[in-house]
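Coordinate analysis (summary)
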Amino acid sequence: MPIPLVLLGLVTLTATPERYPAQARPAADTTVVVKAFGYRPKVLEIAAGTTVTWVNQDDIQHTVTLEAPDSAVALDASLSGKGSTSQFTFTRAGTYAYLCARHQFMRGTVRVHDTGVHR
Amino acid sequence: MMRKTLQSLIALAAGLALGAAPLQAQHAHGMAKASDLRVALNSLLAEHIYLAGSATGAALAGRQAEFQAAAGALDGNSIALGKAIGSVYGADAETAFLGLWRKHIGMAVDYVTGIATKDKAKQDKAVTDLVGYSRDFAAFLNAANPNLPTEVVTGLVKTHVVTLKAVIDAQASGDLAAAYLKVREAAAHMGMIADPLAAAIAKQFPEKFAMK
């Protein structure tokens, strides 16, 4: 049964701002599908301020957990089972590597690019 | 050598091996058959038991060099199984499978360590982890192939855990006759996983696997 969307807070990690590479504009689709014990896409390019939604299609619990824990970044979401979702808004530019805490071979990355408009 | 042959067989059967002949040509020669896949998976999964039993037996008897050799061969078997899955479902699935498969081997090692050190809590945790793992592994297979119901596969993997635990317990008790009997039982059970897995893959990809 889908669980309510979980808003985890805003990323306030101080990171080196990244401008969009010319060939790497942010993806229009900001959904990451979790299927067969993998994040798809593995690497997501987005603009700062974008909300990413993870959708679990596996019949098992996964998590979306920042690989290097930081007190300023509350990215540690549980995807309880098939159909569950979680959202996170990335407000600052940077590269965010995450994994599933239960299956640590599952890894993904969100690259957040500076839009030039800081919130 | 046997492992390499099995890997080649699976890759060939899947019709996805690099440089393999076109699938139509394989069918024409009767190579890409569901039965080949079933035989290959049965062999690899039975090998898993024999090598795991060798590793746990050596570990419990304190034969360190033999344990290391067996553990290395066991990991080679895991890699071959991963490549078999990858040849059907792709590189990401291979990575996921190998991660999951190695995880349950680590849990079995924890159980053996718990016995060797007479640490009952460690043994109990390892068993709990292995039972929990059964559902994870089943969920992976179900995600890859909906023809494999999660609950059914969970039960099959739990039985794998139970049969392998019986091997380890017999080895620990010093009853070698019982240990080898349990090894045979555990290996025979792997057919209960290999057969439906091969059948489900063949059903999912009928264009790749001729049914006779």
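**Here's the deal with the overall build of chain A**
When you go through chain A residue by residue, the secondary structure sums to zero helices and 10 strands. Here chain A holds 119 residues, and the buried ones make up 33% of them. Taking all contacts inside chain A whose residues are at least 6 apart in sequence as the whole, residues at least 24 apart take part in 60%.

**Concerning the interface of chain B and chain A**
On the chain A side, the residues contacting the 14 residues of chain B number 10 residues. Within the residue set of the side of chain B that touches chain A, elements represented by two or more residues are α5 (91–116) and α6 (120–144) of chain B. Here the residues of the side of chain B that touches chain A are counted per class, giving seven nonpolar, four polar and three charged.

**Things to note about the confidence of the model for chain B**
Residue and element names in this part refer to chain B. Here chain B averages 88 in pLDDT, while 84% of its residues score no lower than 70. Counting interchain partners and residues more than four positions distant, the pLDDT-below-50 stretch residues 12–31 has 30 contacts. Complex prediction metrics read pTM 0.78 and ipTM 0.71.

**Quick notes on the pairing of strand β9 (residues 94–99) of chain A**
Pairing of strand β6 (residues 62–66) of chain A with β9 of chain A involves two bridges; the strand directions are antiparallel. Within the sheet, the bridge partner assigned to T65 of chain A lies in β9 of chain A and is L99 of chain A.

**Quick look at the environment of D136 of chain B**
Along the polypeptide, D136 of chain B turns up in helix α6. Considered as a pair, D136 of chain B and T154 of chain B are 18 residues apart in the sequence and their alpha carbons are 8.1 Å apart. When residues no more than four places from it in sequence are discounted, the contact partners of D136 of chain B are I60 of chain A together with L100 of chain B.

**Comments concerning the confidence of the model for chain A**
Residues and elements named next belong to chain A. Across chain A, the average pLDDT comes to 78, with 68% of residues at or above 70. Here strand β1 (residues 7–10) stands out as the element of chain A with the lowest mean pLDDT, 37, in contrast to strand β2 (residues 31–34), whose mean of 97 is the highest. Below a pLDDT of 50 lies the segment residues 1–18, which in the model reaches 42 contacts outside its immediate sequence neighbourhood of four places, other chains included.

**A few points about the sheet that holds strand β10 (residues 107–113) of chain A**
Residue and element names in this part refer to chain A. Strands sit in the order β4-β10-β9-β6-β7 across an open sheet of five strands; the sheet is mixed. The two strands at the open ends of the sheet, each matched to only one other strand, are β4 (43–47) and β7 (76–79). Here the strands of the sheet are splayed against their neighbours by 20 degrees on average, with no regard to which way each runs. As judged from the six bridges shared by β9 and β10, these two strands associate in the antiparallel manner. Directly across from Y96, in β10, lies its bridge partner V110.

**Brief notes about the packing of helix α3 (residues 34–60) of chain B against helix α4 (residues 64–89) of chain B**
Residue and element names in this part refer to chain B. α4 packs onto α3 with a crossing angle of 160 degrees between their chain directions and a minimal axis gap of 8 Å. On the basis of the axis angle, α3 is roughly antiparallel to α4. Our pair here, α3 against α4, has a crossing hand that is left-handed. Within the contact between the two elements, α3 uses A40, L41, L44, E47, H48, L51, A52, S54, A55, A58 and A59 and α4 uses E66, F67, A70, A71, A73, L74, N77, A80, L81 and A84.

**Some words on the packing of α3 of chain B against helix α8 (residues 176–204) of chain B**
Residues and elements named next belong to chain B. Look at α3 against α8: their axes get within 8 Å of each other, and the N-to-C directions meet at 150 degrees. By the criterion of interaxial angle, the relationship of α3 to α8 is roughly antiparallel. Judged by the sense of rotation from one axis to the other, the crossing of α3 with α8 is right-handed. In terms of residue class, the contact of α3 with α8 is made up of 18 nonpolar, five polar and two charged.

Rules of the game
- Residues numbered from 1 in each chain as written.
- Chains lettered and ligands numbered in written order.
- Predicted model: local features only at pLDDT ≥ 70, side-chain atom pairs only at ≥ 80, totals over all residues.
- Helix = DSSP H or I, 4+ residues; strand = E, 2+ residues; numbered from the N terminus.
- Buried ≥ 20, exposed ≤ 12 C-beta atoms within 10 Å, placed from the backbone.
- Contact = placed C-beta atoms within 7 Å.
- Nonpolar A, V, L, I, M, F, W, Y, C, P; charged D, E, K, R; others polar.
- pLDDT = per-residue confidence, 0-100.
- Pairing = 2+ DSSP bridges.
- Axes fitted to C-alpha atoms, helices over the stretch in contact; angles between N-to-C directions.
- Parallel < 35°, antiparallel > 145°, perpendicular 65-115°, else oblique.
- Left-handed = near helix turned anticlockwise from the far one by under 90°.

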